[in-house]
Amino acid sequence: MRAVVSSLQRGYRSAPCFFRGQLIESQDTPERLEAFITVVRDQGYELVDAPTASEQLLLEVHDRDYLAFLREGPELWREIAPDAQSLMPNIYPSRHFPARVPQHILGKAGYYLGDMVTPLTAQTWDAVLGSASSAAHATHLVLEGERVAYSLCRPSGHHAHADMAQGFCYLNNAAVAATVARGRHDRVAILDVDVHHGNGSQHIFYGRDDVLFCSLHSEPDLTFPFFAGHADETGVGAGRGYNLNLPLKIGTGNEGYLRALDIALDRIRRFDPGLLVVSLGLDAHESDRLGSLKVTTEGFAEIARRLAALGLPTVLIQEGGYTVADLATSLTAVLSIFEETL
């Protein structure tokens, strides 16, 4: 198995963010990425540096003005607030009127940054570009004949919409991978096993029938991102029936999770994709500080076993997982199962 990471990702530290009413250091730390890299090296997998993804590829997923905001926003903000550590919104679009993109940089921040745990700094663009590049290159490896490849994406991506950052996510790495795969395959499936709903991935493909999106996640009424992830969200237009949400009760353990997983796997088999993208969140683990689904390490191994049994070319895209001390056991379990199938 080969694993992919971009040098642009290494060392990136997010600015402090607001979480549960307090200004704290972000839980999306550089130590997370180093933990993933350690697992890869300890298991003897080849670690590949990703070439930088093209602007053309990013524009197939994301809005042009949004990409410009991510690149240029910090510098525009420093012209107004030279001592500011980061750019964060202090106002958001009202749900009572259609939102327009303001000219002022703070207005743009409210329009393009969907919460207060996703600050923008001068270092953010390179890190998220590197993360998306890792996803793209891992997909190319699979298209070139690898059975499975692992992309060490950090920052994560599945909360990123076409034109909005959210939940530590700025560019949607799974959507980038699916877009690369669509260059070869008529149908691509995304399976999101992160504890949080992949609302950005859903938004990007919600009206399409060429990319099936399936998500297992903690019940959205009680869990971030709160406003998406319900079972009745099935797609619109051509995409109706190609979006499958399987929300799970808080406290669901291995047995309930695996029952839901089998429903998703059955839908994927019927869709018959040429390639599977897995948004591999590890925060459903029982030890994770942001998790709520109580899946054990053995549960993650069984998840991987059932995914591998699909027999599909597979790209594993790293999403959440924030308890650094316990990441290694979960990730090792998943990668070891896939390695056995090669």
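*Asks:* Where do I start with the pattern of salt bridges in this structure?
*Replies:* Side chains carrying opposite charge are able to pair once their charged atoms draw close together. All told, the structure shown has 16 salt bridges when counted by the stated rule. With its nearest N and O atoms 3.2 Å apart, the salt bridge here joins Glu-255 to Arg-259. In this pair, Glu-255 and Arg-259 both sit in helix H8 (residues 254–271), four residues apart, roughly one turn of the helix. With respect to burial, Glu-255 and Arg-259 carry one shared label: exposed. Salt-bridge contacts for Arg-305 lead to Glu-302; the nearest nitrogen and oxygen are separated by 2.7 Å.

*Asks:* Can you walk me through the side chain of Asp-288 in this structure?
*Replies:* You can see Asp-288 is positioned in the loop between strand S9 (275–280) and helix H9 (297–308). Overall, Asp-288 belongs to the buried group, its relative accessible area being 8%. A polar side-chain atom of Asp-288 sits 2.8 Å from the main-chain amide nitrogen of Tyr-322. Of note is the side chain of Asp-288, whose polar atom sits 3.4 Å from the backbone nitrogen of Thr-323.

*Asks:* Explanation requested: the packing of H9 against helix H10 (residues 324–341) in the structure shown.
*Replies:* As a packed pair, H9 and H10 sit with axes 8 Å apart at the nearest point and diverge in direction by 30 degrees. It follows from the interaxial angle that H9 and H10 lie roughly parallel. Handedness of the H9/H10 crossing: right-handed. Contact with H9, carried on its side by Thr-297, Phe-300, Ala-301, Ala-304, Arg-305, Leu-307 and Ala-308, involves Thr-329, Ser-330, Ala-333, Val-334, Ile-337, Phe-338 and Thr-341 of H10 and no other residues of that element. Within the contact of H9 with H10, the residues separate by chemical class into nine nonpolar, four polar and one charged.

*Asks:* I tried to follow the pairing of S9 on my own but got confused; where do I start?
*Replies:* Where burial is concerned, most of S9 is hidden: six out of the six residues are buried. Across the two faces of S9 the burial is the same, with Leu-275, Val-277 and Ser-279 and Leu-276, Val-278 and Leu-280 all buried. When strand S6 (residues 188–192) meets S9, the two strands line up parallel, connected through five bridges. Bridged to Leu-191 within S9 is Val-278.

What counts and what doesn't
- Residues numbered from 1 in each chain as written.
- Predicted model: local features only at pLDDT ≥ 70, side-chain atom pairs only at ≥ 80, totals over all residues.
- Heavy atoms only, no water.
- Salt bridge = Lys/Arg side-chain N within 4 Å of Asp/Glu carboxyl O.
- Helix = DSSP H or I, 4+ residues; strand = E, 2+ residues; numbered from the N terminus.
- Buried < 20%, exposed > 50% of the residue type's maximum accessible area, 1.4 Å probe, protein only.
- Polar contact = N/O pair within 3.5 Å; in protein donor to acceptor, adjacent residues only side chain to side chain.
- Axes fitted to C-alpha atoms, helices over the stretch in contact; angles between N-to-C directions.
- Parallel < 35°, antiparallel > 145°, perpendicular 65-115°, else oblique.
- Left-handed = near helix turned anticlockwise from the far one by under 90°.
- Contact = heavy atoms within 4.5 Å.
- Nonpolar A, V, L, I, M, F, W, Y, C, P; charged D, E, K, R; others polar.
- Pairing = 2+ DSSP bridges.

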